[in-house]
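# Results of the structural survey
Here's the letter readout for the chains.
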Protein chains: 2
Amino acid sequence: MDLFYLPELDATVTQVLFPKEESKHISRVLRKQHGDKLRATNGKGFEAVIELIQVNNHKVEGEIKNRIEHTPLPYQLHLAIAPTKNINRLEWFLEKATEIGIHSITPLLCEHSERKIIKPERLEKIIIAALKQSQNVYLPKLKPLQSFEDFIPQFPKGYIAHCHEGEKTAFFNAIEAKGDITLLIGPEGDFSIREVEMALQHDYTAVSLGKQRLRTETAALVGCHTVALKAQ
Amino acid sequence: MDLFYLPELDATVTQVLFPKEESKHISRVLRKQHGDKLRATNGKGFEAVIELIQVNNHKVEGEIKNRIEHTPLPYQLHLAIAPTKNINRLEWFLEKATEIGIHSITPLLCEHSERKIIKPERLEKIIIAALKQSQNVYLPKLKPLQSFEDFIPQFPKGYIAHCHEGEKTAFFNAIEAKGDITLLIGPEGDFSIREVEMALQHDYTAVSLGKQRLRTETAALVGCHTVALKAQ
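Counting of residues starts from 1 at the beginning of each chain's written sequence and follows it residue by residue. Written order decides the labels, with chains lettered from A and ligands numbered from 1. With the structure being a predicted model, the display of local features is reserved for residues of pLDDT at least 70 and the display and counting of side-chain atom pairs for 80 or more, all residues being used for whole-chain, interface and lining totals. Heavy atoms from the whole structure form the basis of all side-chain values; hydrogens and water molecules are not counted.

Looking now at the interface of chain A and chain B. Taken together, the contacts link 27 residues of chain A with 26 residues of chain B. Buried area is calculated as the accessible area (1.4 Å probe) missing from two parts once they are joined, with the contributions of both summed. For the pairing of chain A and chain B, the buried interface totals around 2,500 Å² over both sides, and the portion due to carbon and sulfur atoms is 50%. Counting the surface chain A buries against chain B, the share from its top three residues, Gln-212, Arg-213 and Gln-232 of chain A, is 23%. In what follows, salt bridge is the name for a side-chain nitrogen of Lys or Arg lying within 4 Å of a carboxyl oxygen of Asp or Glu. Where chain A meets chain B, there are six salt bridges. Where Glu-217 of chain B meets Lys-96 of chain A, a salt bridge forms, and the shortest distance between an N and an O atom there is 2.6 Å. Should any heavy atoms of two residues lie within 4.5 Å, those residues are considered in contact.

The next point concerns the relation of the copies chain A and chain B. Relative to chain B, chain A is turned by 180° and slid 0.0 Å along the rotation axis, the superposed coordinates differing by an RMSD of 0.0 Å. Here the two chains are linked by the operation of a two-fold rotation axis. An overlap of 96% is found between the interface residues of chain A and their copies at the interface of chain B, pointing to a shared contact surface. Superposing copies: least-squares fit, C-alpha atoms only, residues required to have pLDDT of at least 70 in both.

All names here are of chain B. Across three bridges, strand E10 (residues 159-161) lies against strand E13 (residues 205-208) in parallel orientation. Residue pairing in the sheet places Ala-161 in a bridge with Val-207 of E13. Both strand E11 (residues 169-170) and E13 contribute to a ladder of two bridges, which runs parallel. Paired with Thr-169 across the two strands is Val-207, which belongs to E13. We treat two strands as partners when DSSP finds at least two bridges between them. Comment: elements are numbered from the N terminus, with helices defined as DSSP H or I runs of at least four residues and strands as E runs of at least two.

All right, on to unusual backbone geometry then. A negative phi angle characterises most non-glycine residues, just as the trans form characterises most peptide bonds. Notably, Arg-31 of chain A is not glycine yet its phi reads approximately 50°, a positive angle. As for its placement among the helices and strands, Arg-31 of chain A is situated in the loop between helix H1 (20-29) and strand E3 (37-41).

This part covers the packing of helix H7 (residues 216-231) of chain A against helix H2 (residues 87-100) of chain B. At a minimum axis distance of 11 Å, the contact between H7 of chain A and H2 of chain B shows a crossing angle of 75°. The orientation of H7 of chain A with respect to H2 of chain B, classified from their angle, is roughly perpendicular. Here Glu-217, Thr-218 and Val-222 of chain A of H7 of chain A lie close against H2 of chain B, whose contacting residues are Glu-95, Lys-96, Glu-99 and Ile-100 of chain B. For this classification, the nonpolar set comprises Ala, Val, Leu, Ile, Met, Phe, Trp, Tyr, Cys and Pro, the charged set comprises Asp, Glu, Lys and Arg, and every other residue, Gly included, is treated as polar. Looking at the contact of H7 of chain A with H2 of chain B, its residues break down into two nonpolar, one polar and four charged. Angles run from 0 to 180 degrees between N-to-C directions of axes, and those axes are lines fitted to C-alpha atoms, restricted for helices to the stretch in contact. Throughout, the term roughly parallel applies to angles under 35 degrees, roughly antiparallel to angles over 145, roughly perpendicular to angles from 65 to 115, and oblique to all others.

Any link to function would need more than the numbers given here.
What follows is the structure, given as structure tokens:
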């Protein structure tokens, strides 16, 4: 059954009105009719089965039939990633991370960042599409672009994956199966030595994601899946 | 230092001649000169440092200086995947799997496959580009497109990831840290019940790659990284 995203949904809601675009999709593309059922989530772990009570191209209304409160993931992964020079690479990371499961993403502005601008609206759309497609009921939170210097003191005691020399723990062994995890993934040119030192000063642990040299978006996805696997 | 792919390279070779296209790249783009050094691999775990003894746009020649025999991965993952309807999705899987490490890939023709044709030359190019970019010295082997029925009896005792009901083991727990592993990933419409039964009859183990519903290419990458992590 199709899953829709309705942020306003919660346990108290009894009827829902689908947005114009969704209404069009439901009536014209899916050709749903009065009495048909759909699933929807608020992206916060709440899911509902909705029976349609009115269907036309501009307006689709439904009544909540069943309510499901999903148990949240045992961990909360907050991944801070330097947006890739080629934005498609960041976009596919967002799609894949949404499928696998991630709590929040902060685009990080680093010393070696080549890309300094992103379009949050476009990235949000990609995350919502992936949520619906993967039938995931937790919408990853895309946080505003932030500079490395501002981010670190705000989120200390995380993990930083870098390619410089120095002692590193395998990320899989460094983390617990539950709780909050902050992971930093650098730009194509890696974090600067200065940035790595600043992170370590704020109780970050330097981690390795494997022997291979990974692209920014691959490293981010590998980090995301490592946490999912640890919590499994 | 840049890594080049020279399949003819081995421990006995003392001089190498770069192909026309590579020669152009080395002289025009990288602006290398006589005496400069490059790294090259044969994609079979052998790496060499090469000192250039002749550089022009059509012909770049080099002399082998150092030789490194890398220890092979402790496992050999053979992943059979139904090519995705949108070929870009298969292409990025190949790029990412090459970065993370995979032994061979067989494009699999399944009952529910929407895509029945692939262009091996194009896919090969993507794998080689990813090998060079990730400085990996093992080139994944892209095998010819094969039907599910032909594949299964040839490679029994593997693992099949499907979304149908039935008993499944978590893939991470099902596999050993070394040895040969064959993993099957189905098309957008999943494997057919008939295909799943055929695999089980050939001693396949039904596995789960996590709670989430993953796209074909995401499932394949998750499977690939699960093996890499187990062997770590």
